Amino acid sequence: MKTIKLFCIITALLFTVDCSAISIRSDSVIIRIHFLHGSKPKREFRHEEDRWFGGVLGGHAGIEISPNKILNFQPKSRPHLFSKRSIINSKFSFHDTISFYEILGGKSDSVKKTIISIKISAKQKNVLDSIVLAYTKRCPYDYAFFGMRCGSAVYDVLAQTGVVRKLPFKKTWRRIFYPRKLRRLLEYGNITGFVSIRKENGSKKRKWEKD
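Residues numbered from 1 in each chain as written. Predicted model: local features only at pLDDT ≥ 70, side-chain atom pairs only at ≥ 80, totals over all residues. Heavy atoms only, no water.

Draft legend 1. Spatial organisation of helix α6 (residues 179-188). Within α6, seven of the 10 residues are buried, which leaves it mostly tucked inside the rest of the structure. Where α6 is concerned, the buried positions are P179, R180, L182, R183, L185, L186 and E187. Contacts from the buried residues of α6 go to β1 (28-36), β3 (60-66), β7 (113-121), α4 (150-161), α5 (169-175) and β9 (194-200). (Buried < 20%, exposed > 50% of the residue type's maximum accessible area, 1.4 Å probe, protein only. Helix = DSSP H or I, 4+ residues; strand = E, 2+ residues; numbered from the N terminus. Contact = heavy atoms within 4.5 Å.)

Draft legend 2. Representation of the pattern of salt bridges within the structure. All chains considered together, the criterion is met by 10 salt bridges. Of the charged contacts, one joins D129 and K125 as a salt bridge, the two residues approaching to 2.8 Å between their closest N and O atoms. Pair noted here: D129 and K125 are both in helix α3 (residues 122-137), with a separation of four residues, about one helical turn. Relative accessible area serves as the criterion here: at 14%, K125 is assigned to the buried category. With its nearest N and O atoms 3.3 Å apart, the salt bridge here joins K199 to D211. One end of the pair, K199, is in strand β9; the other, D211, is in the segment after β10 (206-208), and 12 residues separate them in sequence. Given a relative accessible area of 37%, K199 falls into the partly exposed group. Among the ionic contacts, a cluster of salt bridges with common partners joins K112, R183, E187, K199, E209 and D211. (Salt bridge = Lys/Arg side-chain N within 4 Å of Asp/Glu carboxyl O.)

Draft legend 3. Fine view of the packing of α4 against α6. Contact geometry of α4 with α6 gives a least axis separation of 7 Å together with a crossing angle of 40°. Here α4 lies oblique to α6, going by the angle between them. Residue-level inspection shows C150, G151, V154, Y155 and L158 of α4 in contact with α6, the latter providing P179, L182, L185 and L186. Tallied by class, the residues present in the contact of α4 with α6 amount to eight nonpolar, one polar and no charged. (Axes fitted to C-alpha atoms, helices over the stretch in contact; angles between N-to-C directions. Parallel < 35°, antiparallel > 145°, perpendicular 65-115°, else oblique. Nonpolar A, V, L, I, M, F, W, Y, C, P; charged D, E, K, R; others polar.)

Just geometry here; none of it tells us what the structure is for.
This is the structure:
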């Protein structure tokens, strides 16, 4: 009888621990920051490979907020040189993984990629979802060469979510002037919630932005 009681107590404790572990796991979410590396055609392939906006210091960045759904910041038409408050020539939109990596004209399976996974709390995910809803309805700032672009916009969203430190508007785009600045910050900046980095090499016909 005592053996049966002891077995029941141990089973109940193990069930409680297991449920707690499930609760802890469900209280966090993985988001992924995607980076399409900038590039330009190698000299010997310049007649068959396209030039991309920004060249080697160009590329693109976005946040995968749910599987195969990447939020990214783009101009609606030709980008302004300087940011304008009265003319918001920009949008936050969604792309699937393939179309995100083909946004500059390359093929998804032949471009250089870096994907950084970060764990955030359920509370942070709720904040992120609220920001995404607001930003996709009404973009808060213009897209400009001297202003917010894809990398700095991703930084802004991450800052408001609590992943990175908040910065004033001008300091945000000056510090994250192109995507590599953000990528290196996330790779080497000891970010809370950092999980992993995955990289894929691009076509040998192009000169890619270095790691």
